[in-house]
Amino acid sequence: DPRILEGMRMLLEGWGCHVVTGPGSASLAGQPVPDLALVDYHLDGETGLDVIAALRRTFGPGLPALLITADRSSEVRAAAEALDVQIINKPVKPAVLRTAMTRMRRFAPAAR
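Residues numbered from 1 in each chain as written. Predicted model: local features only at pLDDT ≥ 70, side-chain atom pairs only at ≥ 80, totals over all residues. Heavy atoms only, no water.

*Asks:* What exactly am I supposed to notice about helix H2 (residues 48-59) here?
*Replies:* Every α-helical turn comprises 3.6 residues, leaving residues that sit three or four positions apart pointing alike. Taking 1.5 Å of rise per residue, 12 residues should cover 16 Å, and H2 covers 16 Å from first to last C-alpha, within 8% of that figure. Of the positions making up H2, those classed as buried are Gly 48, Leu 49, Val 51, Ile 52, Ala 54, Leu 55, Arg 56 and Phe 59. Turning to H2, the residues buried within the fold contact strand S1 (37-40), strand S2 (65-69) and helix H3 (74-82). Count one or two residues on from H2 and you reach Gly 60, which has phi positive near 115°. (Helix = DSSP H or I, 4+ residues; strand = E, 2+ residues; numbered from the N terminus. Expected span 1.5 Å × (residues − 1). Buried < 20%, exposed > 50% of the residue type's maximum accessible area, 1.4 Å probe, protein only. Contact = heavy atoms within 4.5 Å.)

*Asks:* Can you help me understand the pattern of salt bridges in this one?
*Replies:* Oppositely charged side chains can form a pair if their charged atoms are brought close together. The tally for this structure, following the rule as stated, stands at 3 salt bridges. Arg 9 is the partner of Glu 6 in a salt bridge, and the nearest nitrogen-oxygen pair spans 3.7 Å. Of this pair, Glu 6 and Arg 9 both sit in helix H1 (residues 2-14), 3 residues apart, which is roughly one turn of the helix. Owing to a relative accessible area of 38%, Glu 6 belongs among the partly exposed residues under this scheme. Among the residues examined, Arg 9 registers a relative accessible area of 22% and is labelled partly exposed. Here Asp 40 and Lys 90 are joined by a salt bridge, their closest N and O atoms 2.7 Å apart. On the criterion of sequence distance, the pair formed by Asp 40 in strand S1 and Lys 90 in the loop between strand S3 (86-89) and helix H4 (94-106) is long-range, its members being 50 residues apart. (Salt bridge = Lys/Arg side-chain N within 4 Å of Asp/Glu carboxyl O.)

*Asks:* Explain the pairing of S3 here, please?
*Replies:* If a strand is regular, its side chains alternate between the two faces of the sheet. Summarising the sheet, S2 and S3 pair through 4 bridges and their orientation is parallel. Opposite Leu 66, over in S3, you have Gln 86 as the bridge partner. Since S2 and S3 lie parallel, the crossover through H3 that links them has a hand, and here it is right-handed. (Pairing = 2+ DSSP bridges. Right-handed = clockwise from strand over helix to strand, strands pointing away.)

*Asks:* I would appreciate a short explanation of the nonpolar core in the present structure.
*Replies:* Most often, soluble globular proteins keep nonpolar side chains buried together rather than apart. Formed by 16 residues in total, the largest nonpolar core has its most connected members in Leu 49, Ile 52, Leu 55, Leu 67 and Val 85. Of all elements in the fold, only S1, H2, S2 and H3 reach the threshold of two or more residues within this core. At 5 residues, H2 tops the list of elements feeding residues into this core. Ignoring sequence-local partners within four residues, the contact set of Val 85 consists of Leu 49, Ile 52, Arg 56, Ala 65, Leu 66, Leu 67 and Ala 80. Core analysis: the next-biggest nonpolar cluster, separate from the first, contains 9 residues, Leu 36, Leu 97, Ala 100 and Met 101 among them. (Core = buried A, V, L, I, M, F, W, Y, C linked by side-chain atoms within 4.5 Å.)

Laid out in structure tokens, this is it:
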């Protein structure tokens, strides 16, 4: 949803983040290496885990990623765990998101 995407952009930019958005993995080609990927699970034609896998193929396997989803199924949790991806459940609370982002960046590999 473009409105949600714009709201997330405004929140993150308010925290001083440089934000690049897109509807899926193909739209992010040619972008600089991200510090962190925040990816929604339900996307058109692919899942957020597909996007994270594609980003890691492009930018390196150590790219930190957070999956944002309302899906609380054990299948999604297991698939995220297999990719070493933390889940944040919707509705997203800004304090929870900021804490998770800070933690992910602190423990991110220095080189990818």
